[in-house]
Amino acid sequence: MAQDNELFKKLVSHCKEYGFIFPSSEIYDGLSAVYDYGQYGVELKNNIKQYWWRSMVQYHENIVGIDAAILMHPKVWKASGHVDAFNDPLIDNKDSKIRYKADQLVEDYINKLYEKAEKEVEKAKKRFGDNFDEKLFRDTNEKVKKYIDEAKIITDKLVKLLEENNLAGLKKLIEELKIVCPVSGTCNWTDVRQFNLMFSTQLGSTAEDAMTIYLRPETAQGIYVNYLNILKTSRQKLPFGIAQIGKAFRNEIVARQFIFRMREFEQMEMQYFVKPGTEKEWFEYWKEQRMQWHLSLGIPKEKYRWHEHEKLAHYANAAVDIEYDFPFGFKELEGIHSRTDYDLKRHQEFSGKKMLYFDPDIQDSYIPYVVETSIGLDRTILAVLSHAFTEDTLSDGTTRVVLKIPDFLAPIKVAILPLVKKDGMNDYALNIFNDLKKYYLCQYDEKDSIGRRYRRQDAIGTPYCITVDGQTLEDNTVTIRERDSMLQDRIPVDNIRKYLHDKLNVI
Ligand code: GAP
C-alpha cells in the first residue's frame, strides 16, 4: 500500500490546470468537498458512464435502466432506515478543532498495525532472498503475530461497539489506544456523537404547508420505489436488474482527499432482483462480473483487493467492497451487497403496496431478494486518472506528463495540428478536422510550437495527433503520432479514417 502524497498533489493540480476538475464556486474560495468537472473531466466522466451503462444494460437482456428523481417522498427514507440509522459517529479534537469519524480513527490505527506486520515480512523477504518461506514466517514470527493479533482484537472491539451503538465505549477505546489528532498531536477529544449524513430541505410554498424532504443519499431507493412499475411494464421475469446512474448527496464529516469523498457525487448502481435462496449464488456472480469490469479498464489486478465487511449494514446478509490502491492507500471503490428483501419489505410496510412477484414456475408469490452493485463514479474517475498519470523522462533528458488513459475513455480521441499556420497547412488541417469530427471528438490546435502542442495533448490523454506539414502539401500524406510510444507513421490522407478505425480502441 504505497502512500504517494507527492503524486496525489501533482494529480490534483494537473486536474485543475488541464480542465478536468475544479473546486466548486472557486471565485468565492470554493465549497468544501464539492467539485465541478471541466471540459475534459466531463468527457471522461461521460465515457465511463457510457461504458458502465453498456456493460450493465446493453449486454444484459434482463437489466433495464431508469432515471429516478433526486427528490423523493420523505417516507422513502423512513422506510429505508436512513432517517434513523444513516449516521456517522463523529468526534472533535478540542485543540485543533478538527472533526473526525470516530470509527475511522480506530480503523486507521488497525491499518497501521497491519502495515507494520507487512513491513516485517518485507524486511525478512529481503534478508532471506530465495530461501524465504513467507507462510512459515507469517505463522511463526513473534512480531508479525503480535501486530496481527492486536489488530484483530481491536477490530472485534470496534465492531461490537458500533453494533451496540456504544458511543462512550468508542471514545474510551480511542483514549485507551492513545490515538492522537494528526494536526494537534493531542488526545484531547470531545464525546462521540451521532451525526445524520442526509441533507434536508423544504418542499412547499408557505411555512405552514412546508414538508421536510431529503436529497437522496443513494440512488438505490429510486430503483426500489419503481420496482412495481418496471415489473408491470417491462415483462421481466426473475432474475432481472434495474440500473441507474445519478447524483447522491451526503453531508460527509471527513471530507478531504479531493473527489474521493464528496458531499455531492454520482453513483452507478444496479439492483438485481432474485428468487430468495439464490442470492448467495448471484452475489458470487456479480462479484466476479464487477471485478472483470474493473480489470477491463486496463488497470492491473494488483491495484485492486477485496474487503469483506466486518460489520454488515442493517439490510445486508453479505457484503464485500472492491478496494483500489489510490495514491493515499487502498480504499473502497465499489460495494457489492446482498440486501435480502429488507428494502422491498419495508416499502411494502410503509406504502401499503404489495411488493410481491408472482413466480410462474412455482405458481406462488413472494418478495424478491436483491443483490446490489454500487460504484462511485467520481472514485472511478480518480482511480483511472491516478493510474494514467505518468511522468516520463525522454531520451533527450526532458520530461513530459502524459495521461495514459485507455482510448475508449480518453476525452479527446484525435488532435489535428498544422505544423505551422501558413502556406495553407492550417486550411488543410481544418478540412481533416471537419471530416473526422463526425466520427470522433477531435481537437484542432494551431497555437504554439508543435512540441508544446504534443505535450498539451499528452497531458489530456489524447491517443493520436495528426500533423499536417510541408510534405502534406506536396504528396497528401500526414504523420500520425501515438501518445504512449510517441512513434509516428506517415500515411496518405485518404487512409486516416481506416487507420484510426483499426488503431483506436473505442466502443
Ligand atoms: N446503495 C449502497 C450504497 O450507497 P455505499 O457503500 O454507501 O453504498 C456506494 O456507496 C459507493 O458510492 C461507494 O463504494 C463509493 O464508491 C461511492 N461513495 C460513497 N460515498 C461517497 C462520497 N462521499 N463521495 C464519493 N463517492 C462516494
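Rules and cut-offs
Residues numbered from 1 in each chain as written. Predicted model: local features only at pLDDT ≥ 70, side-chain atom pairs only at ≥ 80, totals over all residues. Heavy atoms only, no water. Helix = DSSP H or I, 4+ residues; strand = E, 2+ residues; numbered from the N terminus. Buried < 20%, exposed > 50% of the residue type's maximum accessible area, 1.4 Å probe, protein only. Contact = heavy atoms within 4.5 Å. Areas by Shrake-Rupley, 256 points an atom, 1.4 Å probe, with all protein chains shown as cover. Lys, Arg positive; Asp, Glu negative; His and termini not counted. Charge placed at Lys NZ, Arg CZ, Asp CG, Glu CD. Expected span 1.5 Å × (residues − 1). Arc of directions from axis to C-beta. Core = buried A, V, L, I, M, F, W, Y, C linked by side-chain atoms within 4.5 Å. Salt bridge = Lys/Arg side-chain N within 4 Å of Asp/Glu carboxyl O. Axes fitted to C-alpha atoms, helices over the stretch in contact; angles between N-to-C directions. Parallel < 35°, antiparallel > 145°, perpendicular 65-115°, else oblique. Left-handed = near helix turned anticlockwise from the far one by under 90°. Nonpolar A, V, L, I, M, F, W, Y, C, P; charged D, E, K, R; others polar. Patch = residues over 30% accessible without salt bridge, like charges linked within 9 Å, V, L, I, M, F, W, Y side chains within 5 Å. Domains from an automatic or database assignment. Buried area = accessible area lost by both parts, 1.4 Å probe. Polar contact = N/O pair within 3.5 Å; in protein donor to acceptor, adjacent residues only side chain to side chain. Near = heavy atom within 4 Å. Pairing = 2+ DSSP bridges.

1. Brief notes about the overall build of the protein
Broken down by element type, the protein carries 17 helices and 23 strands. Its C-alpha atoms give the protein principal-axis dimensions of about 80 × 65 × 55 Å. Expressed as a percentage of its 507 residues, the buried residues of the protein come to 50%. Restricting to contacts in the protein with at least 6 residues of sequence separation, those with at least 24 account for 66%. In the structure as shown, the protein presents an accessible area of about 25,000 Å², 50% of it carried by carbon and sulfur atoms. Taken as two groups, the 73 positive and 79 negative side-chain charges of the protein have centres that lie 2 Å from each other.

2. Considerations on helix H11 (residues 279-295)
Between its first and last C-alpha atoms H11 spans 24 Å; for 17 residues at 1.5 Å apiece the expected length is 24 Å, and the two agree. Along H11, the residues classified as buried are Glu 279, Phe 283, Trp 286, Lys 287, Arg 290, Met 291, Trp 293 and His 294. Here the buried residues of H11 occupy an arc of 155 degrees about the axis, which is enough to place them on one side.

3. Description of the nonpolar core
Counting 58 residues, the largest nonpolar core has Phe 20, Leu 44, Ile 48, Trp 52, Leu 382 and Leu 385 as its most contacted members. Once residues lying within four places of it in the same chain are set aside, the contact partners of Trp 52 are Ala 243, Gln 244, Ile 245, Met 268, Glu 269, Met 270, Arg 290, Trp 293 and Ile 375.

4. Some remarks on the pattern of salt bridges
Within the structure shown, the criterion is met by 40 salt bridges. Salt-bridge contacts for Arg 138 lead to Glu 118; the nearest nitrogen and oxygen are separated by 3.0 Å. Of the two residues, Arg 138 is situated in helix H6 (residues 134-140) and Glu 118 in helix H5 (residues 102-128); the sequence distance between them amounts to 20 residues. Across the pair Glu 164 and Lys 160 runs a salt bridge, and its minimum N-O distance is 3.2 Å. Judged by its relative accessible area of 46%, Glu 164 falls in the partly exposed class. Three or more residues joined by partner-sharing salt bridges are found here, namely Asp 392, Arg 400, Lys 404, Arg 455, Asp 458 and Arg 481.

5. Points about the packing of H5 against helix H7 (residues 142-163)
Taken N-terminus to C-terminus, the directions of H5 and H7 make an angle of 165 degrees; their axes are 9 Å apart at the nearest point. In terms of axis orientation, H5 runs roughly antiparallel to H7. Crossing of H5 against H7: the hand is left-handed. Of the residues in H7, those in contact with Asp 103, Val 106, Glu 107, Tyr 109, Ile 110, Leu 113, Tyr 114, Lys 116, Ala 117, Glu 120 and Val 121 of H5 are Lys 143, Val 144, Tyr 147, Ile 148, Glu 150, Ala 151, Lys 152, Ile 154, Thr 155, Leu 158 and Leu 162. Split into classes, the residues belonging to the contact of H5 with H7 amount to 14 nonpolar, one polar and seven charged.

6. Let's talk about a positive patch on the surface
Together, Lys 112, Lys 116, Lys 119, Arg 127, Lys 143 and Lys 146 make up a region of like positive charge exposed at the surface. Broken down by secondary-structure element, the contributors of at least two residues to the positive patch are H5 and H7. No other element matches H5, which puts four residues into the positive patch. One can find Lys 146 in helix H7. When its relative accessible area of 52% is taken as the criterion, Lys 146 is described as exposed.

7. A look at the domain arrangement of the protein
Here the protein is described as being made up of domain 1 (1-69 + 217-390), domain 2 (87-196) and domain 3 (412-503). A C-alpha centroid distance of 27 Å is found between domain 1 and domain 2. The interface of domain 1 with domain 2 comprises 10 residues on the first partner and 13 residues on the second. Both faces considered, domain 1 and domain 2 share a buried interface measuring about 990 Å² in area, 64% of it formed by carbon and sulfur atoms. One can count zero salt bridges joining domain 1 with domain 2. In this assembly, domain 1 and domain 2 are joined by zero residue pairs in polar contact (both at pLDDT 80 or more).

8. Describing the site of the ligand
In the neighbourhood of the ligand, 20 residues make up the surrounding shell, with Glu 218, Glu 252, Met 262, Glu 269 and Glu 332 lying closest. Glu 218 is positioned such that a nitrogen or oxygen atom in its side chain is 2.6 Å from a nitrogen atom of the ligand. Met 262 is positioned such that a nitrogen or oxygen atom in its backbone is 2.8 Å from a nitrogen atom of the ligand. With the chains in place, 93% of the 550 Å² that the ligand exposes on its own is no longer accessible. Secondary structure elements with two or more residues in the shell around the ligand: strand E10 (264-274), strand E13 (329-340) and strand E16 (369-376). The element best represented in the shell around the ligand is E13, accounting for six residues. In terms of residue class, the shell around the ligand is built from five nonpolar, five polar and 10 charged.

9. Concerning the sheet that holds strand E5 (residues 99-101)
The strand order across the open sheet built from three strands is E5-E4-E6, with neighbouring strands paired in antiparallel fashion. Only two strands of the sheet have a single neighbouring strand rather than two, namely E5 and strand E6 (193-196). Between one strand axis and the next, the sheet turns through 45 degrees on average, direction left out of account. Note that strand E4 (residues 87-92) and E5 share three bridges and pair antiparallel. Pairing of Ile 91 across the sheet is with Tyr 100, part of E5. The strands touched by H5 are E4 and E5; relative to E5, the strand with the most contacts, the crossing angle is about 70 degrees. With respect to the sheet, helix H8 (residues 167-176) is in contact with E4 and E6, its orientation differing from that of E4 by roughly 45 degrees.

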